[in-house]
Amino acid sequence: MEPWFAHAKPIDSLEAEIAFCLQDAFQPVPGQPPEPLALPEFPRASRLWVRTSEAIGHEAELAAYYARVMQLAHKHGLRFGQVRHHFWMRLWLWNSEQDIGIPFPWYDTLSEIEPVLTALSNMAPGQGFHDIDQGWEIELGMSGTLIYIRHGNPDGDGEPGADEAAQTVVALPQAALAGQLVSLKARTDGLVAHLAGALGCDVWSAPLRPEAAMPAARI
């Protein structure tokens, strides 16, 4: 058992979602006025995010939005590395009642998100998962039937106790997450397969090479 397990707040559950990040403008050349991008019109909780649960039944509208991005990138001869932010995805865990939010801001594609989903669903006692990047750190552990999650900013201000106060440390039954994550993964895979089939290019499962030319959309 890791020492930080002792500081975990027990909770019953966490909601989990993966969202597609939208942009309302396309800027082909830095310093020049951007071109407006029409956003999908179907209902969603946030203007610039589409949760997988919100996209079901609106796949064609989401594909049309991405087709316009690809058309503009192709028109201006841009490489994938110049437009990859238009295709970012994000994993989120939260519990609104407990005011808990655990973001994964450095994971942009399914290939980066999937190891976390696997760890949350299948981790056994004694196993762990850890990742760290600028201003963000996540650690997972398992003891008995409980999964422990620690999230915080490793680049604290150095004040005594500040780092601990800024951390989110929770423990919850793994079973409360596992079934939900199986459904989330299946739903996300289905949406990505639909988008890739409609557009003729999959830029959500894993990134293209930064120097790769952005292909024209099939639709």
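Computed from a prediction, not measured in an experiment: that's the story for all the values here.

Enquirer: When you look at the nonpolar core in this model, what are you seeing that I'm missing?
Expert: The nonpolar side chains of a soluble globular protein tend to be buried, and buried together. Counting 61 residues, the largest nonpolar core has Y66, F87, I149 and W204 as the members making the most contacts within it. Tallying contributions element by element places helix α2 (residues 59–75) first for this core, with nine residues. Discounting residues that sit within four places of it in the chain, I149 has contacts with W4, L14, L93, I102, L120, I138, E139, L140, T168, V169, V170 and L172. Counting six residues, the second-largest nonpolar core is a separate cluster that includes F5, Y148, V169 and A171.

Enquirer: Would you take a moment to explain the pairing of strand β7 (residues 100–103) for this structure?
Expert: Successive side chains on a regular strand alternate, one facing one side of the sheet and the next facing the other. By the bridge criterion, four bridges tie strand β6 (residues 89–95) to β7 in an arrangement that is antiparallel. Within β7, the position partnered with W92 by the bridge is P103.

Enquirer: Sorry if this is basic, but what is going on with the confidence of the model for the protein here?
Expert: Per-chain confidence: the protein averages 92 in pLDDT, with 95% of residues scoring 70 or above. Note that residues 158–163 has pLDDT below 50 and, in this model, three contacts with residues that lie over four places away or in other chains.

Enquirer: Could you clarify how one ought to interpret the packing of aromatic side chains in this entry?
Expert: When we look at a pair of aromatic rings, we describe it by the centre distance and by the angle of the planes. Taken as a whole, this structure holds 12 aromatic pairs when the rule is applied. Judged by centre distance (5.0 Å) and plane angle (70°), the ring pair of Y66 and W204 falls under edge-to-face. Highlighted residues: Y66 in helix α2 and W204 in the segment after α6 (175–199), separated in sequence by 138 residues. Each member of the pair, Y66 as well as W204, is classed as buried. Grouping aromatic residues by their ring pairs yields a cluster made of F20, Y65, Y66, F80, F87 and W204. The lysine or arginine in question, R44, covers the ring of F42, its NZ or CZ lying 5.5 Å from the ring centre. Its guanidinium or amino end placed over the ring of W4, R150 lies 5.6 Å from that ring's centre, counting from NZ or CZ.

Enquirer: Before we go on, may I ask you to explain the sheet that holds β7 in this structure?
Expert: Sheet strands associate in pairs through backbone hydrogen bonding, adopting either a parallel or an antiparallel arrangement. Read across the open sheet, the four strands follow the order β5-β2-β6-β7; overall the sheet is antiparallel. The open sheet terminates on both sides in strands that have one partner only, identified here as β5 (49–51) and β7. Between one strand and the next, the sheet's axes are offset by a mean angle of 30°, whatever the strand orientation. Taken together, the three bridges between strand β2 (residues 15–21) and β5 define a ladder with antiparallel strand orientation. Of the residues in β5, the one forming a bridge with A19 is R51. Contacts from helix α4 (residues 110–122) reach β2 and β6, with the element oriented near 30° to β6. Packing of α6 onto the sheet brings it into contact with β2 and β6, and relative to β2 it is tilted by some 15°.

Enquirer: Before we go on, may I ask you to explain the environment of L62 in this structure?
Expert: In this structure, L62 sits in helix α2. What L62 contacts, discounting residues up to four positions off in sequence, is F20, L22, P40, F42, V50, A55 and L195.

Enquirer: Got a minute to help me understand the side chain of S121 in this structure?
Expert: Along the polypeptide, S121 turns up in helix α4. Residue classification places S121 among the buried positions, given a relative accessible area of 15%. Here S121 is in contact with Q174, A178 and L181, once residues within four sequence places are set aside.

Enquirer: I tried to follow the packing of α2 against α6 on my own but got confused; where do I start?
Expert: Packed helices, taken two at a time, are described by the angle their axes make and the gap between the axes. Between α2 and α6, the shortest axis-to-axis distance is 10 Å and the interhelical angle comes to 50°. In terms of orientation, α2 and α6 fall into the oblique class. Crossing angle aside, the handedness with which α2 passes α6 is right-handed. Across the interface between the two elements, E59, A60, L62, A63, Y66, A67 and M70 of α2 pack against L191, H194, L195, A198 and L199 of α6. Among the residues forming the contact of α2 with α6, the class breakdown is 10 nonpolar, one polar and one charged.

Calculation notes
- Residues numbered from 1 in each chain as written.
- Predicted model: local features only at pLDDT ≥ 70, side-chain atom pairs only at ≥ 80, totals over all residues.
- Heavy atoms only, no water.
- Core = buried A, V, L, I, M, F, W, Y, C linked by side-chain atoms within 4.5 Å.
- Buried < 20%, exposed > 50% of the residue type's maximum accessible area, 1.4 Å probe, protein only.
- Helix = DSSP H or I, 4+ residues; strand = E, 2+ residues; numbered from the N terminus.
- Contact = heavy atoms within 4.5 Å.
- Pairing = 2+ DSSP bridges.
- pLDDT = per-residue confidence, 0-100.
- Phe/Tyr/Trp six-rings, centres within 6.5 Å; stacked < 30°, edge-to-face > 60°.
- Lys NZ or Arg CZ within 6 Å of the ring centre and 35° of its normal.
- Axes fitted to C-alpha atoms, helices over the stretch in contact; angles between N-to-C directions.
- Parallel < 35°, antiparallel > 145°, perpendicular 65-115°, else oblique.
- Left-handed = near helix turned anticlockwise from the far one by under 90°.
- Nonpolar A, V, L, I, M, F, W, Y, C, P; charged D, E, K, R; others polar.

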